[in-house]
Amino acid sequence: MEKSSGKKKIAIFISGRGSNLKSLIKYSNTKKSIIKIVLVISNNFSAKGLDYAKKSKIKNIYIKYSNKKNFENRSLKLLKQNNVDLICLAGFMKILSGNFIKKFYKPILNIHPSLLPKYKGLNTHKRAIKNKEKFSGATVHIVNKKLDAGKIILQKRVKILKSDCEKSLQKKVLKIEHKIYSKAIEKLFTNY
Ligand code: GRF
């Protein structure tokens, strides 16, 4: 019997460490999970995240990024072949083109380590500390053509202590990321 029938088919795009991928795999293996991860795509051959996918026997592929168009076309083909309902970007360090977003035609989520709309882009923790922010956090949002600017699905904050440095804040925020990504996916498919 197909145990995963009725579950949403997810593809996860990564570039490196893959701790968010790992937490999504963990969630997908729970009873209450509404997802099945059918594909992991990495633009980086040595991404540690690929090992998690292999260990969990999830179809995974490295696609060279030297040519963006080629990367996107090959990805789109695989997404179609695997009937993917949703793409989750998890530490994917490339920006998808408007053409790709349009052609995929289904939702794409991203997780970002700040309380968007604050601190789009890189070095979020460094900038939040420098600006003496009282809170930081993580945001899951829809991907559109503009960087880190799509509709916010879920956000959770964490206090920045005086004793926090970039590294400690990063650790705290990452913990939150691992909690909210699966919740955001559930929210997307129930309320969106
Ligand atoms: C996370 O902090 C995520 O918010 C950002 O890149 C990092 C990726 O971490 N987009 P990991 O590869 O999931 O461990």
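Residues numbered from 1 in each chain as written. Predicted model: local features only at pLDDT ≥ 70, side-chain atom pairs only at ≥ 80, totals over all residues. Heavy atoms only, no water.

## Some details on the sheet that holds strand β3 (residues 60-62)
Read from one edge of the open sheet, 7 strands run β3-β2-β1-β4-β5-β6-β7, paired in mixed fashion. Edge positions in the open sheet fall to β3 and β7 (152-159), since each of these has one partner strand only. The average angle at which neighbouring strand axes cross in this sheet is 20°, direction not considered. Bridging between strand β4 (residues 86-89) and strand β5 (residues 108-112) involves 3 bridges; their strand directions are parallel. Bridging across to β5, I87 finds its partner in I108. Sheet contacts for helix α1 (residues 19-28): β1 (8-14), β2 (35-42), β4 and β5; angle to β2, the most-contacted strand, approximately 160°. Most of the contacts of helix α6 (residues 166-191) go to β7, to which it runs at about 155°, and overall it touches β1, β2, β4, β5, β6 (135-142) and β7. (Pairing = 2+ DSSP bridges. Helix = DSSP H or I, 4+ residues; strand = E, 2+ residues; numbered from the N terminus. Axes fitted to C-alpha atoms, helices over the stretch in contact; angles between N-to-C directions. Contact = heavy atoms within 4.5 Å.)

## Some words on α1
Burial analysis of α1 places 8 of its 10 residues in the buried class, which makes it a mostly covered element. Residues of α1 that are buried include every one of S19, N20, L21, S23, L24, I25, Y27 and S28, and no others. On its buried side, α1 packs onto β1, β2, α2 (49-55), β4, β5 and α6. (Buried < 20%, exposed > 50% of the residue type's maximum accessible area, 1.4 Å probe, protein only.)

## A look at the nonpolar core
Within the largest apolar cluster, 37 residues are counted, with the highest numbers of intra-cluster contacts made by I12, V40, L109 and Y181. The element best represented in this core is α6, accounting for 8 residues. Each of two domains, domain 1 (6-106) and domain 2 (113-138 + 155-192), supplies a minimum of three residues to this core. Residue contacts for L109: discarding those within four places in its chain leaves L86, I87, C88, L89, V140, H141, I142, V143, I153, Y181, I185 and L188. One finds I41, I101, I108 and V143 within the second-largest nonpolar core, a separate group that totals 21 residues. (Core = buried A, V, L, I, M, F, W, Y, C linked by side-chain atoms within 4.5 Å. Domains from an automatic or database assignment.)

## Brief notes about the packing of α1 against α6
Two numbers describe a pair of packed helices, the interaxial angle and the distance between the axes. At their nearest, the axes of α1 and α6 sit 9 Å apart, and the two run at 50° to each other. Classified by the angle their axes make, α1 and α6 are oblique. Note that α1 runs across α6; the crossing there is right-handed. Judged by residue contacts, S19, N20, S23, L24 and Y27 of α1 engage L174, E177, H178, Y181, S182, I185 and E186 from α6. (Parallel < 35°, antiparallel > 145°, perpendicular 65-115°, else oblique. Left-handed = near helix turned anticlockwise from the far one by under 90°.)

## Here's the deal with helix α3 (residues 68-81)
In a regular helix each residue adds 1.5 Å, so 14 residues correspond to 20 Å; α3 covers 20 Å between its end C-alpha atoms and thus fits that length. Residues F71, E72, S75, L76, L78 and L79 constitute the buried set of α3. Buried residues of α3, seen end-on, are gathered within an arc of 165° and therefore sit on one face of the element. Those residues of α3 that are exposed and aimed more than 90 degrees away from the buried face are K69, K77, K80 and Q81. (Expected span 1.5 Å × (residues − 1). Arc of directions from axis to C-beta.)

## Regarding the domain arrangement of the chain
Assigned domains within the chain: domain 1 (6-106) and domain 2 (113-138 + 155-192). Here the C-alpha centre of domain 2 lies 22 Å away from the C-alpha centre of domain 1. Taken together, the connections running from domain 1 to domain 2 amount to 1 salt bridge. Residue K32 pairs with E186 through a salt bridge whose shortest N-O separation is 3.5 Å. At the junction of domain 1 with domain 2, the criterion picks out 5 residue pairs in polar contact (both at pLDDT 80 or more). When residues of the side of domain 1 that touches domain 2 are traced back to their parent elements, those giving at least two are β1, α1 and β4. At 5 residues, the largest contribution of residues to the side of domain 1 that touches domain 2 is made by α1. (Salt bridge = Lys/Arg side-chain N within 4 Å of Asp/Glu carboxyl O. Polar contact = N/O pair within 3.5 Å; in protein donor to acceptor, adjacent residues only side chain to side chain.)

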